[in-house]
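An overview of the molecular structure
Spelled out, the chains give:
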Amino acid sequence: MTNSFNEFARAKMFLVIGSNMTEAHPVASTFVKNAVLKGARLIVVDPRRHKLADFAELHVPIRVGSDIAFLNAVMHVLIAEGWYDKKFVDSCTVDFDKLAATVMRYTPEYAADICGISAVMIRDVARRISSVHPMMLCYTLGITEHTCGTRNVMSTANLQMLLGNMGVECGGVNPLRGQNNVQGACDMGALPNVFPGYQKVGDLALRSKFERAWGVDGLPAHNGLMIPQMMEGLVSGQVRAFYIFGENLANTEPDIHKVEHELASAEFLVVQDIFLNETTRFAHVILPAAAWSENDGTFTNSERRVSRVRTASPAPGEAKPNWWIFQQIAKRFGHEWTANSAREIWDNEVSVLAPQLCGIKYHRLEGDGLQWPCPDENHPGTCFLHRDGHFTCGLGIFTPAEWTPPAEVPDDTYPLVLSTGRRLTHYHTRTQTGRCEGLNDILGEETADISPADARALNIAHGEMIRVASRRGEIKVKANVTDMVPKGMVWMAFHFREANANWLTNAAFDEITMTAEYKACAVRIEKLTDPASMARV
Amino acid sequence: MTQQKMMINGHEVLFSPGQTILEAAEAAGIWIPTLCHLKGTTPTGACRICVVEVAGARTLPTACSTPAAPGMAVQTESPRVIEARRLILELMLSSGNHNCAALNGGDGDWTGFQLGVQDSDGSGELCPVWGDCKLQDLAFRYQVKVGRFQSHEGPYPQELANPLIVRDFSRCILCGRCVQACNEVQVNRAISFGYRGALSKIVAAGDRPLADSECVFCGECIQACPVGALVEKKARYRWRPWETTTVRTTCPYCGVGCQQLLHVQDGRIAKVTGVEGAEPNQGRLCVKGCFAYDFIYSEDRLRTPLIREGGDFREASWDEALDLVASRFKEIIAASGPDAVAGVSCARSINEDSYQMQKLFRSVFKTNNIDHCART
Ligand code: SF4
Ligand code: SF4
Ligand code: SF4
Ligand code: FES
């Protein structure tokens with residue numbers, strides 16, 4: 001996030017796109033709702049009419065995967081009507097001409113067809129968001145989990161630069177992170193192209209810096225593989241040993257049949273986790289790890305705040321902290337790593353090597369933590385980025401984006417769109433929440449959420465078991481007929497193994513980030529009335 | 001804004017226009033008891049425990065909802081104020097199952113009274129929040145005796161129907177804090193005041209069980225309840241405040257990163273609350289942050305390293321398991337080069353774990369094949 005959660009309550013206007021905040025980021029949504037009760041304005045752009053839409057002055061039900069067309073058309077109107085922030089564009093950005101050239105083709109009428117809303121509504125959105133300054137834009141995985149995810153993200157940044165909503169309090173582009181420490185794992189360099197602190201592995205000077213710090217030579221210069229490439233490498237034999245730490249890939253990756261084939265192909269698979277799960281079935285070695293409250297350490301939240309994690313009780317049996325396990329493996333390769341606690345790792349290595357984190361030391365994290373960038377020990381941390389329009393690389397660059405449809409679109413055989421996400425009560429594959437007393441009682445099974453119109457057309461009753469099938473698999477699941485879902489859509493989560501949406505999802509990826517298109521694939525739904533079809537499932 | 005002057009308990013106190021007597025007093029470090037007042041929400045004046053004496057005023061105004069005024073002279077603990085507070089507390093105590101304060105009860109029949117209450121509670125235990133109850137604290141502070149008014153259990157049975165929150169109407173003092181918490185803080189709009197007079201009750205829409213209402217089990221109302229009318233089912237009769245230490249930590253679920261207080265008793269987390277006033281959540285949590293902590297004590301936890309043997313796994317020592325991992329990785333790297341190994345780190349675990357893992361892959365294995373599920 002460029003900005004912070006504590007700005008939500010003071011914000012004057014929000015545009016929330018592709019974010020079911022009340023379920024995926026419940027506490028963040030409470031601050032948005034507080035602001036709305038105090039008079040802030042809210043526009044929700046989402047195919048589903050989720051709970052937050054009840055608080056919005058306008059719900060814009062665009063079709064799944066039409067975000068770029070929608071945002072481009074809004075920018076088209078802003079430019080055509082002169083409703084954008086010319087001063088900010090002139091003084092703080094470059095390549096406005098390129099943006100203007102691209103969005104000129106996205107007339108509201110043209111985009112209306114793609115987005116499934118009226119041109120009038122697009123103009124209306126443009127008018128509303130240009131009338132209030134600043135406006136805070138929030139998004140979640142509805143923007144990123146598409147084959148065009150990277151371009152979706154660029155489009156949100158284009159919009160906010162065009163409106164001059166960058167570098168100001170209560171403005172900015174604010175992706176809410178799905179998992180608690182996605183931000184941190186990125187910051188730490190658990191990515192194939194960067195060292196900790198986003199320092200490129202391809203840069204010779206940076207490699208030398210890390211070689212000196214780690215006392216090694218020959219750090220590799222070429223970018224490594226991303227997860228989908230690793231998985232395919234397991235089948236091709238390019239990747240022979242695979243180490244999975246804490247991710248239940250067999251349930252969370254798209255197209256479970258494909259993923260399980262890939263995992264089964266691994267020549268040597270190490271899984272380090274706190275429970276046996278669907279992924280450990282394929283392991284050769286399973287290493288037991290200490291969990292959340294059995295460890296000291298730090299998490300970094302969506303607003304770049306580094307906060308302490310503290311030990312409440314010891315790990316069971318012989319389970320060990322993850323950092324210790326990695327240290328012990330290094331030792332067997334002849335590397336003696338001296339840091340012997342999370343605190344030593346952070347204070348002596350992480351915060352020395354990552355420029356954004358230099359000022360963050362454990363002794364400064366006792367209270368509310370610190371938000372990076374925090375370059376030195378007297379720095380108070382940074383609530384919002386690009387203050388006064390000063391971008392990291394000087395000027396903000398407009399990067400126009402073209403709309404492309406999802407990799408798989410509905411057709412006669414698979415006429416509906418399946419979109420996936422999270423539900424409030426559970427988390428991911430429930431390895432944790434499923435083992436907490438009470439939570440399964442509140443939400444005990446998966447459902448396929450469908451619209452009343454589709455239910456009527458297929459004569460499906462609320463609560464009836466149905467079949468959902470895609471080109472990759474099929475599942476049997478209870479139908480949940482709800483107004484929240486538009487006609488033509490099936491919406492599911494991936495919390496339960498049996499009716500996991502990932503039996504159906506499409507392993508198509510964004511070409512840059514390799515994020516999978518969890519938000520759109522084509523499916524068919526059927527009644528399970530005839531016994532023959534019952535037997536097949 | 002220019003500050004103005006008033007007198008509290010004979011001291012000159014500065015306040016900003018718009019502040020209430022309560023806010024002015026708190027800013028000056030002067031304590032006034034409150035029960036229904038919930039910071040950041042509209043004052044309701046429901047409980048009247050915060051009454052103070054204002055020179056020249058005929059009645060005792062409530063400090064939480066009365067604006068401070070220049071020249072106002074306030075007494076926060078005058079005999080009249082104390083008398084009023086005692087009466088309020090006595091009425092509250094006798095309105096339900098409040099066995100805690102029965103010590104020094106009017107008839108001196110402490111044990112009998114307590115046992116009676118415990119029986120009707122069906123638990124044979126003390127009130128689940130004994131020692132962490134604002135009403136109990138105030139009853140002791142103001143030396144309130146019960147017994148003058150007839151105690152009764154109230155017209156409504158406990159609601160045990162949902163797995164997470166126990167609603168014990170017999171202990172509810174109708175202060176309305178839960179209603180404020182639900183409607184103004186979390187804005188879930190699940191509960192409100194229902195019925196009238198002696199039948200007053202906090203109800204979820206249509207007086208249904210919470211599980212059938214708009215309730216999302218965020219736990220905000222429990223945290224707001226000053227008494228034992230709303231308690232965590234999982235913590236009830238297990239958690240005792242005087243046996244607990246608290247540990248501040250960060251929620252392990254979503255990217256908001258809420259600050260939690262773990263209440264640890266006998267080496268186990270007994271309950272979780274939000275850290276009041278903390279960034280980023282200001283004391284708020286959701287159902288996961290509040291209730292999804294006990295997975296760590298599951299019987300299913302992995303306790304020893306496991307090594308595959310045929311179709312099954314056998315237990316192994318750390319040395320054996322780590323030696324095996326190291327030797328297989330060495331062999332494969334020697335035969336096929338460092339890029340024949342790859343790793344996926346965990347976006348749930350602490351920063352230091354991800355740092356160590358990428359360091360292992362880069363500096364030891366010499367590959368950049370390290371990634372994590374950044375995108376889900
Ligand atoms: S748990 Fe949350 S949603 Fe439910 S009644 Fe309490 S405050 Fe309202
Ligand atoms: S349940 Fe608790 S917070 Fe709610 S009105 Fe009763 S005593 Fe007050
Ligand atoms: S309490 Fe809920 S909103 Fe807060 S970090 Fe945890 S999961 Fe997210
Ligand atoms: S605290 Fe002021 S009336 Fe209840």
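Because the structure is a prediction, the values reported are computed rather than measured. (Residues numbered from 1 in each chain as written. Chains lettered and ligands numbered in written order. Predicted model: local features only at pLDDT ≥ 70, side-chain atom pairs only at ≥ 80, totals over all residues. Heavy atoms only, no water.)

In this section: the overall build of chain B. Helix and strand counts for chain B stand at nine helices and 15 strands. Here the contacts in chain B between residues at least 6 apart in sequence split such that 58% fall between residues at least 24 apart. Carbon and sulfur atoms provide 52% of the accessible area of chain B, an area that totals close to 14,800 Å². (Helix = DSSP H or I, 4+ residues; strand = E, 2+ residues; numbered from the N terminus. Contact = heavy atoms within 4.5 Å. Areas by Shrake-Rupley, 256 points an atom, 1.4 Å probe, with all protein chains shown as cover.)

What follows deals with the packing of aromatic side chains. Overall, the coordinates contain 22 aromatic pairs over all chains when judged by the stated rule. Taken together, a centroid distance of 5.6 Å and an interplanar angle of 65 degrees make the contact between A:Tyr106 and A:Tyr110 edge-to-face. Judged by relative accessible area, which is 41%, A:Tyr110 ranks as partly exposed. The ring centre of A:Phe275 lies 3.8 Å from the NZ or CZ of A:Arg435, which sits over that ring. Above the plane of the ring of A:Trp337 lies B:Lys359, whose end atom (NZ or CZ) is 4.4 Å from the centre. (Phe/Tyr/Trp six-rings, centres within 6.5 Å; stacked < 30°, edge-to-face > 60°. Buried < 20%, exposed > 50% of the residue type's maximum accessible area, 1.4 Å probe, protein only. Lys NZ or Arg CZ within 6 Å of the ring centre and 35° of its normal.)

Next up on the list: the site of ligand 2. Inspection of the region around ligand 2 gives 13 residues, with B:Cys172, B:Cys175, B:Gly176, B:Cys178 and B:Cys225 positioned closest. Grouping the amino acids of the shell around ligand 2 by side-chain chemistry returns 11 nonpolar, one polar and one charged. (Near = heavy atom within 4 Å. Nonpolar A, V, L, I, M, F, W, Y, C, P; charged D, E, K, R; others polar.)

Here the focus is the interface of chain B and chain A. Counting residues at the interface gives 113 residues for chain B and 149 residues for chain A. Summing the contributions of chain B and of chain A, the shared interface buries around 11,400 Å²; its carbon and sulfur component is 62%. Across the contact surface, chain B and chain A share nine salt bridges. A salt bridge links A:Glu349 to B:Lys359, with the nearest nitrogen and oxygen atoms 2.9 Å apart. Counting across the chain B and chain A interface gives 74 residue pairs in polar contact (both at pLDDT 80 or more). (Buried area = accessible area lost by both parts, 1.4 Å probe. Salt bridge = Lys/Arg side-chain N within 4 Å of Asp/Glu carboxyl O. Polar contact = N/O pair within 3.5 Å; in protein donor to acceptor, adjacent residues only side chain to side chain.)

Here the focus is the environment of A:Glu446. Summarising the element assignment, A:Glu446 is placed in the loop between helix H17 (439-442) and strand E17 (447-450). For the pair A:Glu446 and A:Asn3, spaced 443 residues apart in sequence, the C-alpha separation works out to 35 Å.

Surrounding ligand 3, one finds A:Pro26, A:Val27, B:Cys251, B:Tyr253, B:Cys254, B:Gly257, B:Cys258, B:Leu285, B:Cys286, B:Lys288 and B:Gly289. Contributing elements (two or more residues each) for the shell around ligand 3: helix H2 (26-37) of chain A together with helix H7 (287-291) of chain B. Class assignment of the residues belonging to the shell around ligand 3 gives a composition of eight nonpolar, two polar and one charged.

The subject of this paragraph is the domain arrangement of chain B. Residue and element names in this part refer to chain B. Segmentation of chain B into domains returns domain 1 (4-77), domain 2 (158-237), domain 3 (241-297) and domain 4 (312-371). Each of domain 1 and domain 2 has a C-alpha centre, and these two points are 28 Å apart. The interface is formed by eight residues belonging to domain 1 together with nine residues belonging to domain 2. Overall, the association of domain 1 and domain 2 removes approximately 740 Å² of surface from exposure, summing both partners, and the carbon and sulfur fraction of that is 59%. It is Leu35, Leu38 and Thr41 that lose the most area in domain 1 upon contact with domain 2, and together they represent 58% of the buried surface on that side. Grouping the amino acids of the side of domain 1 that touches domain 2 by side-chain chemistry returns four nonpolar, four polar and no charged. (Domains from an automatic or database assignment.)

So, about the pairing of strand E14 (residues 341-345) of chain B. All names here are of chain B. Of all five residues making up E14, five are buried, and the element is well covered by its neighbours. The side-chain alternation of E14 yields two buried faces, one formed by Val341, Gly343 and Ser345 and the other by Ala342 and Val344. Two strands pair when backbone bridges link them, and E14 and strand E15 (residues 370-372) are joined in this way by three bridges, in the parallel orientation. Paired with Ser345 across the bridge in E15 is His372. (Pairing = 2+ DSSP bridges.)

Moving on, we get to the state of the cysteines. All told, the structure shown has zero disulfides over all chains when counted by the stated rule. Here A:Cys358 is not cross-linked by a disulfide; its sulfur's nearest cysteine counterpart is in A:Cys374, at 9.0 Å. (Disulfide = S-S within 2.5 Å.)

Let us now look at the sheet that holds strand E9 (residues 245-250) of chain B. Residue and element names in this part refer to chain B. Taken together, three strands build an open sheet; the order of strands is E9-E10-E11 and the sheet is antiparallel. Since the sheet does not close on itself, it has two edges, and those belong to E9 and strand E11 (268-274), each with one partner. Ignoring strand direction, the axes of neighbouring strands in this sheet form an average angle of 30 degrees. Note: strand E10 (residues 259-265) against E11, six bridges, orientation antiparallel. Directly across from Leu261, in E11, lies its bridge partner Thr273. (Axes fitted to C-alpha atoms, helices over the stretch in contact; angles between N-to-C directions.)

Before going further, it helps to examine the nonpolar core. Soluble, globular proteins show a tendency: their nonpolar side chains are buried together. The biggest cluster of nonpolar side chains holds 150 residues, and the ones touching the most others in it are A:Phe8, A:Phe14, A:Leu42, A:Tyr243 and B:Phe329. It is helix H8 (residues 318-336) of chain B that contributes the most residues to this core, seven residues altogether. Apart from residues lying up to four places away in sequence, A:Phe8 is in contact with A:Met1, A:Phe14, A:Ala28, A:Phe31, A:Val32, A:Ala35, A:Met136, A:Cys138 and A:Leu176. A:Ala73, A:Tyr106, A:Leu163 and A:Phe398 belong to the second largest nonpolar core, which has 46 residues in total. (Core = buried A, V, L, I, M, F, W, Y, C linked by side-chain atoms within 4.5 Å.)

A separate point is the pattern of salt bridges. All names here are of chain A. With the rule as written, the count across this model stands at 45 salt bridges over all chains. For Glu408, the salt bridge identified is with Arg472, shortest N-O distance 2.9 Å. Note that Glu408 is positioned in the loop between strand E15 (396-397) and strand E16 (416-421) and Arg472 in the loop between strand E18 (465-469) and strand E19 (474-481), a separation of 64 residues in sequence. By the burial criterion, Glu408 is buried, and Arg472 matches it. When the shortest N-O distance is used, the salt bridge between Arg471 and Asp411 registers 2.4 Å. Pair noted here: Arg471 is in the loop between E18 and E19 and Asp411 is in the loop between E15 and E16, with a separation of 60 residues, a long-range link. For Arg471, a relative accessible area of 44% gives the class partly exposed.

A word on the domain arrangement of chain A. Residues and elements named next belong to chain A. Looking at the assigned domains, one finds that chain A contains domain 1 (5-176), domain 2 (182-377) and domain 3 (416-536). Using C-alpha coordinates to define each centre, domain 1 is positioned 28 Å away from domain 3. Counting from both sides, the interface comprises 19 residues of domain 1 and, opposite them, 23 residues of domain 3. Buried area between domain 1 and domain 3, summed over both chains or domains, comes out near 1,700 Å², and the portion from carbon and sulfur atoms is 57%. Counting the surface domain 1 buries against domain 3, the share from its top three residues, Arg48, Glu145 and Thr147, is 38%.

It is worth spelling out helix H9 (residues 149-162) of chain A at this point. Residue and element names in this part refer to chain A. Over its 14 residues, H9 extends 20 Å from the first C-alpha to the last, a length consistent with the 20 Å expected when each residue adds 1.5 Å. Judged by how many residues are buried, H9 sits mostly within the fold: 11 of 14 residues are covered. Among the residues making up H9, those that are buried are Gly149, Thr150, Arg151, Asn152, Ser155, Thr156, Asn158, Leu159, Gln160, Met161 and Leu162. (Expected span 1.5 Å × (residues − 1).)

We now examine the sheet that holds strand E3 (residues 58-60) of chain A. Pairing between the strands of a sheet is mediated by backbone hydrogen bonds and can be parallel or antiparallel. Residue and element names in this part refer to chain A. Spatially, the five strands line up as an open sheet ordered E3-E2-E1-E5-E6, and their pairing is parallel. Either end of the sheet is taken by a strand with one partner, and the two such strands are E3 and strand E6 (173-175). The average undirected angle you get between the axes of adjacent strands in this sheet is 20 degrees. Where strand E1 (residues 13-17) meets strand E5 (residues 136-139), four bridges bridge the pair, whose relative direction is parallel. Residue pairing for E5: Ile17 is matched across the bridge by Tyr139.

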